[in-house]
Structure formats: C-alpha cells, structure tokens
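Structural overview for review
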Amino acid sequence: MKWNLRWAAAKRDIWRPVDLQAAFAKVGFTPSLSKVAALWGGTPVTVRLKDLDKICAALGCTVADLMEAEPLAAAGGQEEQERAVGGEVRPVPRRDGPRRLRPPN
C-alpha cells in the first residue's frame, strides 16, 4: 500500500504536521504531535480504523485518497500474486529434511 497522507493534506493547503494536528483537533482527533509527525513522515505499519475515519473527516477525503494499492513486487513472481488473489497455498517442505529435536547436553 502507498500512504498518501501528504498528498491529501496538500490538497487542503496543509504543509506541516502542526497544521495537520490542528485540522485533526477540529474533528475531535487529538493524537500527539509525535504521532502526527510519524504519520506525516512515513508509511505507518498499522492504523486503527477509527483513526483512519477521523483522518478522512479532517482532510475531507476518502480512504482511497489516503491509501493506494500497489502491485506486488516482481521478485515474488507469479506464485506471490496467486497467493494474494486467493490461490491455493501449499506448505513447502524443508530442503534439509525434517527437523529433529535433540535433548539438551
């Protein structure tokens, strides 16, 4: 996923995290400045749905404006794309044989 918070904020003439925090406060969303700066400066690993809804309300945008699906990397090949689409997933056997537990010495 591509995180487009800065683009959505720029459409509202918001250029700094402090201004974004002020826009959030208008809709009752009060994250700390460090959290706003983290959202502003990079792609978050997770975002709560409640927070996402308030971000969209503050910026007057949709979730599709904030997040854009990107194609899977070519390194994974066709198998990765099939798994992402719902293809059959099978376990891959270990190359060095089954794992055997040994008693501690």
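Scroll up for the structure.
Focus on the environment of D65
The residue D65 is located in helix α5 (residues 63-66) in this model. Take D65: its relative accessible area is 33%, and that puts it in the partly exposed class.

Regarding the packing of helix α2 (residues 17-26) against helix α3 (residues 33-41)
With their axes 9 Å apart at the nearest point, α2 and α3 run at an angle of 115 degrees to one another. Between α2 and α3, the angle falls in the class roughly perpendicular. Here α2 runs over α3; the crossing is right-handed. Contact residues: α2 offers P17, V18, L20, Q21 and F24, while α3 offers L33, V36, A37 and W40. Along the lines of polarity and charge, the residues of the contact of α2 with α3 split into eight nonpolar, one polar and no charged.

Quick word on helix α4 (residues 49-59)
For α4, the complete set of buried residues consists of D51, L52, I55, C56, A58 and L59. Along the axis of α4, the buried positions cluster into a sector of 165 degrees, meaning they face one direction only. In α4, the exposed positions angled more than 90 degrees off the buried face are occupied by L49, K50 and D53. Elements that come into contact with the buried residues of α4 comprise β1 (2-3), α1 (5-11), α2, α3, α5 and β2 (67-68). Of the residues flanking the end of α4, it is G60, one or two places downstream, whose phi is positive at about 65 degrees.

What about the side chain of N4?
Residue position: N4 is located in the loop between β1 and α1. A distance of 3.4 Å separates a polar atom in the side chain of N4 from a polar atom in the side chain of E68. Look past the residues within four positions of N4 in its chain and what remains in contact with it is D65, L66 and E68.

Quick notes on the environment of K2
Relative to the elements of secondary structure, K2 occurs in strand β1. K2 gets classed as partly exposed once you look at its relative accessible area, which sits at 40%. Setting aside its immediate chain neighbours within four residues, K2 contacts L66, M67, E68 and E70.

With respect to the nonpolar core
Counting residues in hydrophobic clusters, the biggest one holds 19 residues, and the most contacted among them are L5, I14, L20, F24, I55, L59 and L66. Elements with a minimum of two residues in this core: α1, α2, α3 and α4. The biggest single contributor to this core is α4, with five residues. Sequence-distant contacts of L66, that is, excluding residues within four places in its chain, are made with K2, W3, N4, L5, A8, L52, I55, C56, L59 and C61.

Quick notes on the rules
- Residues numbered from 1 in each chain as written.
- Predicted model: local features only at pLDDT ≥ 70, side-chain atom pairs only at ≥ 80, totals over all residues.
- Heavy atoms only, no water.
- Helix = DSSP H or I, 4+ residues; strand = E, 2+ residues; numbered from the N terminus.
- Buried < 20%, exposed > 50% of the residue type's maximum accessible area, 1.4 Å probe, protein only.
- Axes fitted to C-alpha atoms, helices over the stretch in contact; angles between N-to-C directions.
- Parallel < 35°, antiparallel > 145°, perpendicular 65-115°, else oblique.
- Left-handed = near helix turned anticlockwise from the far one by under 90°.
- Contact = heavy atoms within 4.5 Å.
- Nonpolar A, V, L, I, M, F, W, Y, C, P; charged D, E, K, R; others polar.
- Arc of directions from axis to C-beta.
- Polar contact = N/O pair within 3.5 Å; in protein donor to acceptor, adjacent residues only side chain to side chain.
- Core = buried A, V, L, I, M, F, W, Y, C linked by side-chain atoms within 4.5 Å.

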